[in-house]
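Here's the letter readout for the chains.
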Amino acid sequence: MRFNLVAIASFVIIIGGLSLASSIVVPFLLAVFIAIIIYPILELMSKIHINRFFAFIILIGICGSGLWFLGSVVASAILKFSTDLPLYKTKIDIFIDNLILYVKDRADIDISNNILSFINIDKLITTTSNLLLQTGSLVTQSFLVFLLLAFILFESQIFKDKVAYFAAKDPTTLHIANTFISNLKRYLAIKTISSIATGVIVWGFLVLFDVPHALLWAILAFILNYIPTIGSIIAAIPAILVSLAVNGLSVTLWLTLIYLMVNVAIGNFIEPKFLGKGLGISTLVVILSLLFWGFVFGIGGMFLAVPLTMSIKIALDANPRTKFISVLLSN
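This is a predicted model, so every value here is computed, not measured.

One broad rule of soluble globular proteins: the nonpolar side chains tend to lie buried together. Ranked by size, the top nonpolar core spans 58 residues in total, and within it Phe33, Leu206, Trp217, Tyr259 and Phe297 carry the most contacts. Contributions of two or more residues to this core are made by helix 2 (22-47), helix 3 (52-106), helix 8 (171-208), helix 9 (214-224), helix 10 (231-247), helix 11 (249-275), helix 12 (283-297) and helix 13 (299-318). By size, the runner-up hydrophobic cluster in this structure holds 16 residues, among which are Ala35, Tyr39, Leu42 and Leu153.

Okay, here's the thing in structure tokens:
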């Protein structure tokens, strides 16, 4: 009993410490996961006889340019959107007022008031703005992520040697490391490809429908697609609100349908087909992990929810005393 209380207290203290240090922990974890994805490229460049140091410089240069471009585009787009936000809010308020008049003319007043009382545009716009600011803050931390990524890749060979050293003493160490890395690489690679596809398709239709800040909403769709289940839904809200303010109801309904079709096709059919059951995490655990890691790390934790939960599951599975917890997390 005393041991259980100590374990629970230790867990609470650790989670509290991680939450307080989220501004450092989240960029570090992002850098680790990016390094796991791109490390095979570094190995491939070495195999084709490119000097490892020059291969490292080339790869870091590409990653740094990509992170800088993404951060600068998102920061400038959010600034422009924030400037235009009062205008969009005014137009949406006018649309809501017209909708109220339309409903009152065709329905009982009490019924229309009850229905429209659920519509709180001010709160929705405020929540959307906060989401954009948090996402932008995460993206603009790209310089810290870049520095950490550079050091991780620079010492990647040392890390391999350490794993080999521990594997010589305990063969299960190598199995755990290989399982973790292979599952994580597959998950992040497929998520990245599907996120790029989502962003490109959404951008094309946003440009077609002449929705302002199309590039911002496409990048938001790309980034938030890494958040399972709810990320794509959240990414659609600001674009739909802006479309409603600028293009009216009919175009916005078509845009909503397209968002729904893209998210259902990629999230429910394409991703599961390639991911299969290799991750071994149940859908309920994914939802709970979103809530838990989102509480600990904020929006950054929601991006990292599945990789972190998968890592914990692999670690628990390796120990016979904690294997039952791994079984509870599995599908």
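Contact geometry for helix 2 and helix 6 (residues 142-154): axes closest at 8 Å, N-to-C directions at 50°. It follows that helix 2 is oblique to helix 6 by the angle criterion. Every pair of crossing elements has a handedness; the one defined by helix 2 and helix 6 is right-handed. Between helix 2 and helix 6, the residues in contact are Ser23, Pro27, Phe28, Leu30, Ala31, Val32, Ile34, Ala35, Ile38, Tyr39 and Leu42 and Leu144, Val145, Leu148, Leu149, Ile152 and Leu153, respectively. When the residues that make up the contact of helix 2 with helix 6 are grouped by side-chain class, the tally is 16 nonpolar, 1 polar and no charged.

In this section: the side chain of serine 195. With respect to the helices and strands, the residue serine 195 is situated in helix 8. Using a relative accessible area of 0% as the deciding quantity, one classes serine 195 as buried. Side-chain polar atoms of serine 195 contact the backbone oxygen of phenylalanine 222, separated by 3.5 Å. In contact with serine 195, other than residues within four places in its own chain, are Phe222, Asn225 and Tyr226.

Counting across every chain of the model gives 5 aromatic pairs. Each ring, one from phenylalanine 222 and one from tyrosine 226, has its centre 5.8 Å from the other, and the planes form 85°; the classification is edge-to-face. On the accessibility criterion, tyrosine 226 (18% relative accessible area) is buried. Relative to phenylalanine 297, the ring of tryptophan 293 lies with its centre 5.8 Å away and its plane at 10°, an arrangement referred to as stacked. Residue tryptophan 293 and its partner phenylalanine 297 are both found in helix 12; the two are separated by 4 residues, about one turn of the helix.

Turning to a nonpolar patch on the surface, a few remarks are in order. Together, Trp254, Leu257, Leu260, Met261, Val264, Phe269 and Ile270 make up an exposed nonpolar region whose accessible area comes to about 730 Å². Here methionine 261 shows up in helix 11. A residue is classified by how much of its surface remains accessible, and methionine 261, at 52% relative accessible area, is exposed.

Turning our attention to helix 2. Over its 26 residues, helix 2 runs 37 Å from end to end, which matches the ideal 38 Å to within 8%, given 1.5 Å per residue. Helix geometry: helix 2 is bent most strongly at isoleucine 37, by close to 40°, with proline proline 40 lying one to four residues after it. Among all positions in helix 2, only Val25, Val26, Pro27, Leu29, Ala31, Phe33, Ala35, Ile36, Ile38, Tyr39, Leu42 and Met45 are buried.

Below, the discussion takes up the confidence of the model for the chain. Caution is warranted with low-pLDDT regions, since their predicted coordinates should not be read in detail. Here the chain averages 76 in pLDDT, while 82% of its residues score no lower than 70. When the elements of the chain are averaged for pLDDT, helix 4 (residues 109-116) gives the smallest value, 50, and helix 9 the largest, 85.

Basis of the calculations
- Residues numbered from 1 in each chain as written.
- Predicted model: local features only at pLDDT ≥ 70, side-chain atom pairs only at ≥ 80, totals over all residues.
- Heavy atoms only, no water.
- Core = buried A, V, L, I, M, F, W, Y, C linked by side-chain atoms within 4.5 Å.
- Buried < 20%, exposed > 50% of the residue type's maximum accessible area, 1.4 Å probe, protein only.
- Helix = DSSP H or I, 4+ residues; strand = E, 2+ residues; numbered from the N terminus.
- Axes fitted to C-alpha atoms, helices over the stretch in contact; angles between N-to-C directions.
- Parallel < 35°, antiparallel > 145°, perpendicular 65-115°, else oblique.
- Left-handed = near helix turned anticlockwise from the far one by under 90°.
- Contact = heavy atoms within 4.5 Å.
- Nonpolar A, V, L, I, M, F, W, Y, C, P; charged D, E, K, R; others polar.
- Polar contact = N/O pair within 3.5 Å; in protein donor to acceptor, adjacent residues only side chain to side chain.
- Phe/Tyr/Trp six-rings, centres within 6.5 Å; stacked < 30°, edge-to-face > 60°.
- Patch = residues over 30% accessible without salt bridge, like charges linked within 9 Å, V, L, I, M, F, W, Y side chains within 5 Å.
- Areas by Shrake-Rupley, 256 points an atom, 1.4 Å probe, with all protein chains shown as cover.
- Salt bridge = Lys/Arg side-chain N within 4 Å of Asp/Glu carboxyl O.
- Expected span 1.5 Å × (residues − 1).
- Bend = angle between axes of the 7 residues up to and from the residue.
- pLDDT = per-residue confidence, 0-100.

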